[in-house]
Amino acid sequence: MELSSLLHSVIHGVWYYVVIFLLILTVVVFIHEMGHFLVARWNGVKVDVFSIGFGPEVWGRTDPKTGTRWRISLIPLGGYVKFFGDADASSTTSDERVMTEDEKAVAFQHKRVGQRAAVVFAGPAANFVFAILGLAGMFMVLGQPVTEPVVGSVHADTAAEAAGLRAGDRIVAINGQAVERFQDIQRIVRLEIEHPLDLSVQRGTETLSISAQPRVIQRKGVFGDMEKVPVLGITADPASTRIVSHGPVSALVESLRETEGMVRSTFIGIGQMINGTRDTDELGGPIRIAKGAGEAAQIGLSSVIFYTIWLSLNLGLINLFPIPVLDGGHLLFYAFEAILGRPLGERAQEYGFRIGLFLVLALMVFATRNDIVALPIWEVVKRLFS
């Protein structure tokens, strides 16, 4: 019985935290690389390889019309497109052999700077378009859950109780920001961690001004990892949630609004980590992303779709950071080329990509370290060697 239970747990874990994660990642990476691919083809660039994953090829076929090798590789943690004329898959160096005029016409490195910039920008842009249209599609098919900003209950020994909030209170503004939904309260509380919250509260016929300071608590996740979260201490009124149906136009408008909110929240969070207001332990790597995918899968298909949309948005956003080796770093070099009328010197580009590679690898190591330290087994290891 114990062996059967253990086997079931292993299968459950592999399915939800490995297979689902890899499927979601494959979709997001495919969309990103397809953006590069389509705009490259529109600009007359020949694409040698379109790969999902890295390393040795597991499956592949060559398109007889375009000559592109479509392949699935052994390590399913990313992907790439390799353009004709590139010496490697990163497009950081060009093939040094002498090309004919026909070859130059389809080589990425011989395209105009504007064309190269368009090809590079297309990857993140595809992730953004997918996120916006995917979210709009969810709002059209499933509707948009909207919860009124009404306090359903106040938890004991919390900032809300200390501030004097009561069940039935309607929060209409926080720190001067209008509140239309309970979701707005949750978003603001998570972001305004360095400031007290000045709440404008409607209680019956009165409008009150109440100040509250959310308290940072630790809560346990699915893996037993502890997450630090600012909490006001209120829950929504369960009777105040409704599903809003949308047509194509209103769904797109709401999708753009939600996307803008997610992007803004990301930048605010990064800024708070830089100035020390927010704990850098919140920065997660592949283990935490897999954990989120597993949690979404256990909730249902709609949660998996939303998580895929969220991950696509974040992949597009991160790739636009002006760090060499990322798409944003390429765009930065192309901007210098457009201004100077010539590419930056080879040495400047080489040092730039070295620094960029170091920053990306350091960030990956740090994020993965956060993932590992957050797991319960880390406490066991520390006690073992202490």
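Our subject is the structure that appears above.
Rules behind the numbers
Residues numbered from 1 in each chain as written. Predicted model: local features only at pLDDT ≥ 70, side-chain atom pairs only at ≥ 80, totals over all residues. Heavy atoms only, no water. Helix = DSSP H or I, 4+ residues; strand = E, 2+ residues; numbered from the N terminus. Expected span 1.5 Å × (residues − 1). Buried < 20%, exposed > 50% of the residue type's maximum accessible area, 1.4 Å probe, protein only. Contact = heavy atoms within 4.5 Å. Pairing = 2+ DSSP bridges. Axes fitted to C-alpha atoms, helices over the stretch in contact; angles between N-to-C directions. Bend = angle between axes of the 7 residues up to and from the residue. Parallel < 35°, antiparallel > 145°, perpendicular 65-115°, else oblique. Left-handed = near helix turned anticlockwise from the far one by under 90°. Nonpolar A, V, L, I, M, F, W, Y, C, P; charged D, E, K, R; others polar.

Caption draft 1: Examining helix α9 (residues 327-340) more closely. Counted at 1.5 Å a residue, the expected span for α9 with its 14 residues is 20 Å, and the 20 Å between its end C-alpha atoms agrees. Every buried residue of α9 is listed here: D327, G328, G329, H330, F333, Y334 and E337. G341, located one to two residues past α9, shows a positive phi value of around 85 degrees.

Caption draft 2: Seen up close, the side chain of H36. Relative to the helices and strands, H36 is located in helix α1 (residues 2-42). Assessed through its relative accessible area of 6%, H36 is described here as buried. Leave out the neighbours within four places in its chain, and H36 touches V81, F83, V119, V120, A122, G123, P124 and D327.

Caption draft 3: Highlighting the sheet that holds strand β5 (residues 170-174). Taken together, the 4 strands give an open sheet; going across it, the order is β6-β5-β7-β8, and neighbouring strands pair in antiparallel fashion. Of all strands in the sheet, those bounded by a partner on one side alone are β6 (177-178) and β8 (206-212). Helix α5 (residues 182-191) contacts β5, β6 and β7 (197-203) of the sheet and is inclined by roughly 45 degrees relative to β5.

Caption draft 4: Local environment of helix α3 (residues 113-141). For α3, spanning 29 residues, the distance from its first C-alpha to its last is 41 Å, which sits close to the expected 42 Å at 1.5 Å a residue. Of all the bends in α3, the greatest reaches close to 35 degrees and is centred on A122; the proline P124 follows between one and four positions later. Phi turns positive one or two residues past the end of α3, at G143, with a value near 85 degrees.

Caption draft 5: Examining the side chain of R116 more closely. Note that R116 resides in helix α3. Setting aside its immediate chain neighbours within four residues, R116 contacts F108, Q109, K111, Y334 and E337.

Caption draft 6: Quick look at the packing of α3 against helix α8 (residues 301-319). Across the interface, α3 lies against α8 with an axial gap of 8 Å and an inter-helix angle of 155 degrees. In terms of axis orientation, α3 runs roughly antiparallel to α8. Once α3 is placed against α8, the crossing between them reads as left-handed. Residues P124, N127, F128, F130, A131, G134, L135 and M138 of α3 lie in contact with α8, whose contacting residues are S302, I305, F306, T308, I309, S312, L313, L315, G316, L317 and N319. Per-class residue counts for the contact of α3 with α8 are 12 nonpolar, 7 polar and no charged.

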